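Spelled out from the first residue to the last, the chains are:
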Amino acid sequence: MSTGTTGTTVIDDLANLPERIKASVERLAGLEEAIKKERQQRNELVIEYVDHAGGLPSQAARLIGKAQTQVNRILAGSSED
């Protein structure tokens, strides 16, 4: 019988697919939440940079690697980036 990538048999790998899929979904959910929080943090920093530190929106756009229209959306509070 052939073996899968984890040293188990292919049949074992197939039998474990539902559990592996569920585990993957849980990992993705955690990563997506972390990305959401980091994006919120970045947006708060952009707002602080422009509103309080005197940075220009064009400078903020270069710093975050986005178009100035994206920074304008962040400043307006409507960014879903």
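Residues numbered from 1 in each chain as written. Predicted model: local features only at pLDDT ≥ 70, side-chain atom pairs only at ≥ 80, totals over all residues. Heavy atoms only, no water.

Draft legend 1. Highlighting the overall build of the protein. Along the protein, the regular secondary structure elements total 4 helices and 0 strands. If you list the helices and strands of the protein from N to C, you get α-α-α-α. For the protein, with 81 residues in total, the buried portion stands at 15%. Contacts spanning at least 24 positions in sequence make up 30% of the contacts within the protein whose residues lie at least 6 apart. Accessible area for the protein stands at about 6,100 Å²; split by element, carbon and sulfur atoms hold 56% of it. (Helix = DSSP H or I, 4+ residues; strand = E, 2+ residues; numbered from the N terminus. Buried < 20%, exposed > 50% of the residue type's maximum accessible area, 1.4 Å probe, protein only. Contact = heavy atoms within 4.5 Å. Areas by Shrake-Rupley, 256 points an atom, 1.4 Å probe, with all protein chains shown as cover.)

Draft legend 2. Region of interest: the packing of helix H2 (residues 17-51) against helix H4 (residues 68-76). Look at H2 against H4: their axes get within 9 Å of each other, and the N-to-C directions meet at 90 degrees. Compared by their axis directions, H2 and H4 come out roughly perpendicular. From H2, Arg42, Asn43, Val46, Ile47, Val50 and Asp51 reach across to H4, where they touch Gln70, Val71, Ile74 and Leu75. When grouped by side-chain class, the residues that make up the contact of H2 with H4 number 6 nonpolar, 2 polar and 2 charged. (Axes fitted to C-alpha atoms, helices over the stretch in contact; angles between N-to-C directions. Parallel < 35°, antiparallel > 145°, perpendicular 65-115°, else oblique. Nonpolar A, V, L, I, M, F, W, Y, C, P; charged D, E, K, R; others polar.)

Draft legend 3. Highlighting H4. Along H4, the residues that are buried comprise Gln70, Val71 and Ile74. Seen from one end, H4 has its buried residues packed into an arc of 100 degrees, which puts them on one side. Looking at the buried residues of H4, the elements they touch are H2 and helix H3 (57-64). One or two positions beyond H4, positive phi appears at Gly77, with a value near 80 degrees. (Arc of directions from axis to C-beta.)

Draft legend 4. Molecular detail of the UniProt feature "coiled-coil region" (unreviewed entry) in the protein. In the numbering used here, UniProt assigns the feature "coiled-coil region" (unreviewed entry) to residues 21-48. As annotated, residues 21-48 comprises 100% helix and 0% strand, and the C-alpha atoms at either end are separated by 41 Å. (UniProt positions renumbered as here; feature names shortened; annotations may be inferred.)

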